Each structure stands twice: as C-alpha cells, then as structure tokens.
Amino acid sequence: MMGASRTFAKIHFRHPDWARLDAGGACVWTRGWVDQGGEFLDAEAMGRELATLASSAGAASLQKVAALIQGWAGNFAFCLAWDDEVFLGVDAVRTLPLLYARGSDGLWVSDSYDWMLEATGRPDLNEEGAEEYLASGFVYGGATLHRGISSLQAGEILRLDRTASAALRYFAFNPDAFQNPDLRLDARTFRTLDDLLLNSVRRMLGSARNVNRWVVPLSGGYDSRIVAACLRRLGADNVLCLSYGRVGNEESALSQRVADALGYEWHFAEYNRANWAKVMADPQTQAYVRYACNGNSLPVLQDYPALAHLRESGVLKEGDVIVPGHTLDFLSGSHLDAVAVESRETSIRKASAWVVERHCAFWWDEQGQEEVRRRVQLLVEQESEDVRGRSAAAIIEWFDWQERQAKFIVNNARAYEFLGFRWRLPLWDQELVAWWKSVPHECRLGRKLLREAFMATLATPEVRRIPVHGVIPASAAERPRTAPPTAAARVRAWAKALGGDHPWARPLRRFLRRSARPQEIETLMASEERFVDQAHSVAELLGSVGRPLAAWPAPLRRHFRGREQWSVRQSGTSANALFVAYVLKQYLQ
C-alpha cells in the first residue's frame with residue numbers, strides 16, 4: 001500500500017490490514033483495534049476518529065492527538081499525512097512498529113525495514129546500534145541497525161514536516177509516579193485484580209469478529225494459565241491450547257494438565273535437533289527473520305516452529321486468534337531488582353550499570369560493557385520528564401518496558417501474523433497496566449501480589465493444585481518462611497562444575513546473588529535445556545552465513561574474537577545469544 005501523491009512523504013505499508021481514508025485534505029492510515037469508552041473500533045473506525053483532527057494542516061497537534069488516543073485501549077498504529085506535515089503514532093508497547101527516515105528529497109514511512117533499506121539507498125551500518133543489538137538483542141531508543149532509519153518508541157507520537165520533527169511520549173511505564181501507599185495484600189485487592197483481568201479478557205472477546213478459536217500457547221507458568229482460566233470463567237468454549245519442546249519436558253506436562261483441568265483441547269509440537277535444523281534451513285524461516293527484525297528487534301523464534309507445524313498439519317486453521325500470556329510476569333514484578341528496591345538508590349549511573357548487568361546478557365567484553373553503559377545512561381538522561389528523579393528500580397523497569405518488552409517479547413506477534421494469524425495481548429490492557437503501575441514495588445517484588453491473588457481468586461481449586469514451574473504455589477499461610485534451597489543448590493553445583501572460565505559461570509553466580517527465588521532458578525535451568533537443540537542448529541549455520549569475520553566493523557569483531565568456528569560448547573551461551581549473531585549477520589551481507 002503506497003502513500004498518496006499529495007503528501008511529501010513516501011509511504012509504504014506491507015501488511016494488508018492497514019486501512020486508508022482520505023479526509024479533510026489529509027490521508028489517514030490506521031491498523032489495529034481499540035476499545036474507546038466501551039465501543040470497539042477497527043482500523044477503519046480508528047481512521048474516522050483521527051480524521052476529525054484532519055480538517056487542515058496545522059489543525060492537529062501532538063497534544064490533540066494524544067488526548068484522542070489516550071482514550072484508546074488496544075493495539076494500534078497510525079499515519080496522518082498532509083502535503084507538508086505527517087503525524088505517526090503507536091500504542092503503549094509498540095505492538096505494530098513504524099519506521100521513518102528523512103532525506104534530501106523527502107520523508108519515508110513504512111512498517112517494512114527491507115523496504116526502508118531499499119528506499120533510502122541502504123545507508124551505512126550503525127555500529128553503535130549493532131553493538132547494542134549484540135549485547136541485548138535490540139537497538140536502544142529510536143535508532144536501528146542503519147544510520148538515518150529510525151523507529152517510533154513505545155507510547156510515542158511523532159510530528160514531522162519538511163525540516164523539523166517533534167515527539168511526545170504520551171505513555172511511560174514509571175510506577176514511582178503512581179504508587180498507591182495504601183494498597184494492601186488483602187481480599188479487596190485480590191478481587192480488584194481479578195475483576196481487571198476478567199475485564200481485559202472480556203474486552204478481547206468483543207474485539208475480534210469471525211473467530212474460529214482462541215489459541216493459547218500454554219506454558220507451565222502463571223501468565224498463560226491465567227489467560228486460559230479467564231477464558232473458561234467467561235464461558236469461552238472455542239479455545240485450543242498448545243505446547244512444544246522435547247518429548248517429556250516438564251513445561252509441556254504441566255501445560256497439558258492445566259488444559260485438561262479447564263476442559264480445553266491441547267496439542268503438542270515436538271522439538272528435536274533434526275526438526276530445528278530443518279526449520280533453520282527453510283527459506284520461509286529466513287523470510288520470517290527479515291520480516292520480524294524491523295532493524296532493532298530480535299525475532300522471537302521459540303514458538304514459530306510449533307505454530308508453523310500445527311498450521312501445516314491442519315490443527316490451526318483460518319480464523320484462529322493467538323493469545324499469549326505476554327507480559328504479566330513483567331507487569332506483576334518478576335523483573336524488579338531486589339537489590340535496587342531495597343537500596344532505594346536514585347543514582348542514574350548506578351541504575352544504568354544495573355540495566356547493563358541485567359540486559360546485556362549476550363555478547364560483550366569489558367570495554368564494550370562500559371561503552372554500552374554510557375549510552376544507557378545518556379538514554380535515561382534524555383528521558384528527563386519520565387525517568388529522572390525516579391528510583392533506580394523504576395529506571396530499570398522503564399528500560400525493560402521501552403526496550404525488552406516492546407522490542408523483543410511483544411515482537412512475538414510478528415510470528416503470528418507472518419503465519420497468517422490474528423493475535424491479541426489482553427494482559428497489556430490499558431486499564432490493567434494502569435493498575436499495576438499503582439502497586440508499590442514491595443508488593444510486586446517476586447510477584448508477591450500475583451502469587452497471593454492466584455491462590456485467593458484467580459484459579460479454581462483444580463488449577464491451583466497443578467504446580468507452577470515445578471513448584472506448587474503456596475498461600476502466605478502455607479509457604480515456609482525460608483525458600484527451599486534445593487534448586488539454588490543445584491545451580492551452584494552446576495556453576496561450579498562448569499569451571500570459573502566458562503562463559504556461563506559468571507552469569508550464573510550473578511543470578512544467584514540477585515535472586516533467592518527457587519522458581520526462577522528452575523525456570524532458568526528448564527529454558528536452557530528446552531532450547532539446546534535450537535542453539536545447536538543456529539550455531540551450525542553461523543560459520544557459513546554472511547561475510548567473513550575479518551570484514552566486520554572493528555567494534556563487532558571484538559565480540560567474536562576466537563569464535564570463528566562456533567558450536568554450543570565453544571560459545572557457551574544461550575540460543576537467543578547465538579540467534580542475535582545470526583540475525584545481525586543477515587544485514588552485513
């Protein structure tokens with residue numbers, strides 16, 4: 001879909017769901033769905049709402065646009081263009097990414113990074129951005145892997161004319177500013193959360209027409225289990241649950257037990273080294289990687305083979321809507337840093353160091369670590385209105401929301417739509433997110449509130465008795481005063497066995513120092529085992545894909561010195577770390 005000739009911008013949208021409306025001398029493009037005061041708006045209806053601001057160039061402003069879309073709960077992106085002025089906007093977690101670039105002969109706008117590369121003449125590699133991508137799996141702020149091409153950030157509206165630009169962040173995840181000191185872990189709070197979760201799923205059920213089935217990728221954890229339980233409590237019978245991994249893995253066994261308890265159909269997709277190798281060699285997978293990267297995001301690969309297999313085998317059908325549990329773990333506090341919360345630290349430098357320690361888990365050395373930390377600190381300082389003066393714990397979560405959640409976790413939606421499915425993210429419901437922002441850090445730390453509410457109101461007795469990540473969730477009265485040391489002891493033994501020089505040893509010791517929660521340790525161990533076949537398959541491709549290492553820019557060569565012939569044992573890192581390098585090399589060819 002191309003832009004109208006009346007605007008100075010060259011506009012190209014690849015996805016067929018974009019709707020276009022000519023109104024008031026402007027062109028309006030919209031995609032997504034929203035709830036506006038109880039009324040559901042599809043892309044065309046959103047366009048008509050935005051058209052009320054399009055009477056003439058200059059009639060709209062960032063503040064007017066923000067006032068309109070702050071009443072929208074849902075997933076959306078839009079482009080509002082006149083002859084000499086363009087407004088762009090995305091939702092609070094950037095579920096539908098938008099890209100733009102300015103050149104001597106105009107402005108380019110698209111949802112396709114490959115189109116932007118061709119339209120702008122394939123600009124130079126952004127070496128700093130590539131280094132961030134290697135370290136974290138995403139490029140920070142609005143930058144991308146190539147100079148001059150930018151991306152809207154989560155919760156952002158942008159105004160561009162022929163010479164200037166202005167941005168407004170109408171949403172930020174900054175809990176410090178909204179915490180309710182009177183909130184208690186009691187029956188009233190649990191009922192409030194229960195109502196909010198049911199309302200978010202209820203809104204989702206009313207948001208999509210002609211749904212065949214709601215498809216829940218069901219893990220052994222809380223988030224997707226709560227989505228499935230809410231669907232059952234609201235009377236939804238057209239629900240299918242799925243899981244994947246090695247035969248006999250614990251996550252899938254728990255998933256099946258939950259589906260059976262709720263009375264839902266359940267399917268399993270086996271992962272092994274042979275079918276991972278087949279997936280990675282498939283040209284469709286390579287096309288998906290290009291589709292989902294968008295120049296600053298790591299494509300999510302973990303459930304792509306399962307969805308593709310179940311579609312090909314006829315289990316998943318046209319009209320199915322994918323509903324993952326993204327990302328209740330973040331909202332409910334699993335990413336809160338206990339040391340940062342307890343220290344009440346407010347130093348931006350200290351917070352930036354903690355961000356790097358938490359989010360630069362893939363490829364870096366000591367020099368690169370300090371350079372990335374400096375850029376994180378600059379990014380935080382530039383966001384003065386939303387971040388400065390907040391606690392270090394809030395800054396860490398702000399970065400997690402803007403970068404990891406928006407550019408990696410939520411980017412899982414690209415897999416769904418690439419395979420031809422619609423999707424919904426009910427746990428990023430506007431009303432639900434606003435409530436979580438009001439919960440004090442102490443109540444969210446370790447997901448304390450969610451765990452208590454799960455036992456009190458969010459789960460039926462049958463579901464409550466099924467272990468969560470291998471641990472039966474106990475209520476406050478039933479939980480022992482000290483956490484069982486078994487899982488931690490296992491990881492300590494694992495770290496010791498690896499040896500001090502092994503690349504996993506240091507991250508494991510750091511993890512143990514900062515976390516006393518056995519469930520998280522069990523999850524870490526299970527996830528590494530679950531995706532080891534993926535890691536092997538990606539590692540085998542790295543030696544034959546892209547330019548020779550000697551031709552890489554100097555800042556990138558530093559990360560891969562001594563790793564010319566990669567294997568899982570030599571790189572000693574996770575599947576995602578290997579996948580980061582694989583994706584980046586596609587753009588260096």
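Just above, that's the structure.
Not measured: the values here are computed from a predicted model. (Residues numbered from 1 in each chain as written. Predicted model: local features only at pLDDT ≥ 70, side-chain atom pairs only at ≥ 80, totals over all residues. Heavy atoms only, no water.)

A short note on the overall build of the chain
Logical step 1: When helices and strands are counted, the chain shows 28 helices and 16 strands.
Logical step 2: Relative to its 589 residues, the chain shows a buried fraction of 59%.
Logical step 3: Taking the contacts inside the chain whose residues are at least 6 apart along the sequence as the reference set, 73% of them involve residues at least 24 apart.
Logical step 4: Counting only carbon and sulfur atoms, one obtains 48% of the accessible surface of the chain, whose full area is about 23000 Å². (Helix = DSSP H or I, 4+ residues; strand = E, 2+ residues; numbered from the N terminus. Buried < 20%, exposed > 50% of the residue type's maximum accessible area, 1.4 Å probe, protein only. Contact = heavy atoms within 4.5 Å. Areas by Shrake-Rupley, 256 points an atom, 1.4 Å probe, with all protein chains shown as cover.)

A closer look at the pairing of strand 11 (residues 165–169)
Logical step 1: Here five bridges tie strand 10 (residues 156–161) to strand 11, and the two strands are oriented antiparallel to one another. By the bridge assignment for strand 11, Glu156 is matched with Arg169.
Logical step 2: What sits between strand 10 and strand 11 in their antiparallel hairpin is a turn of three residues. (Pairing = 2+ DSSP bridges.)

A look at the sheet that holds strand 16 (residues 422–423)
Logical step 1: Reading across the sheet, the five strands line up as 14-13-12-15-16 and stay open at both edges, with parallel pairing between neighbours. Unpaired on one side and paired on the other, strand 14 (265–270) and strand 16 mark the two borders of the sheet.
Logical step 2: Pairing between strand 13 (residues 239–245) and strand 14: six bridges, direction parallel. Bridging across to strand 14, Leu240 finds its partner in Glu265.

Details of the side chain of Asp303
Logical step 1: Mapped onto the elements, Asp303 comes out in the loop between helix 9 (283–293) and helix 10 (304–312).
Logical step 2: Owing to a relative accessible area of 3%, Asp303 belongs among the buried residues under this scheme.
Logical step 3: In this structure, Asp303 is in contact with Tyr244, Tyr271, Asn412 and Tyr416, ignoring residues within four places of it in sequence.

Let's talk about the packing of aromatic side chains
Logical step 1: Evaluation of the coordinates by the stated rule reveals 22 aromatic pairs.
Logical step 2: For the ring pair Phe13 and Trp18, a centre distance of 3.8 Å and an interplane angle of 10° mean the geometry is stacked.
Logical step 3: On the basis of relative accessible area, Phe13 is assigned to the buried category, the value being 1%.
Logical step 4: With relative accessibility at 4%, the residue Trp18 sits in the buried group.
Logical step 5: Clustering of aromatic rings is evident, with ring pairs tying together Tyr288, Tyr291, Tyr304 and Phe418.
Logical step 6: Positioned over the ring face of Tyr291 is Arg14, at 3.9 Å from the centre of the ring.
Logical step 7: In this structure, Arg290 packs its charged tip against the face of Tyr587, placed 4.3 Å from the ring centre. (Phe/Tyr/Trp six-rings, centres within 6.5 Å; stacked < 30°, edge-to-face > 60°. Lys NZ or Arg CZ within 6 Å of the ring centre and 35° of its normal.)

Details of helix 13 (residues 348–359)
Logical step 1: With 12 residues, helix 13 ought to run about 16 Å at 1.5 Å a step, and its terminal C-alpha atoms sit 16 Å apart, in line with that.
Logical step 2: Capping the start of helix 13 is the job of one residue whose side-chain oxygen sits 3.3 Å from the backbone nitrogen of Arg349: Ser347. (Expected span 1.5 Å × (residues − 1). Polar contact = N/O pair within 3.5 Å; in protein donor to acceptor, adjacent residues only side chain to side chain.)

Looking at the nonpolar core
Logical step 1: Counting 192 residues, the largest nonpolar core has Leu193, Leu231, Trp401 and Trp436 as the members making the most contacts within it.
Logical step 2: With 10 residues, helix 16 (residues 392–409) is the single largest residue contributor to this core. (Core = buried A, V, L, I, M, F, W, Y, C linked by side-chain atoms within 4.5 Å.)

Quick notes on the environment of Tyr271
Logical step 1: Relative to the assigned elements, Tyr271 resides in the loop between strand 14 and helix 8 (273–281).
Logical step 2: Separated by 34 residues in sequence, Tyr271 and Pro305 place their C-alpha atoms 8.3 Å apart.
Logical step 3: Setting aside anything within four residues of it in sequence, one finds Tyr271 in contact with Tyr244, Gly245, Arg246, Trp276, Gln302, Asp303, Tyr304, Pro305, Ala306 and Asp533.
Logical step 4: Looking at Tyr271, its side chain comes within polar contact range of the main-chain nitrogen of Ala306, at 3.1 Å.

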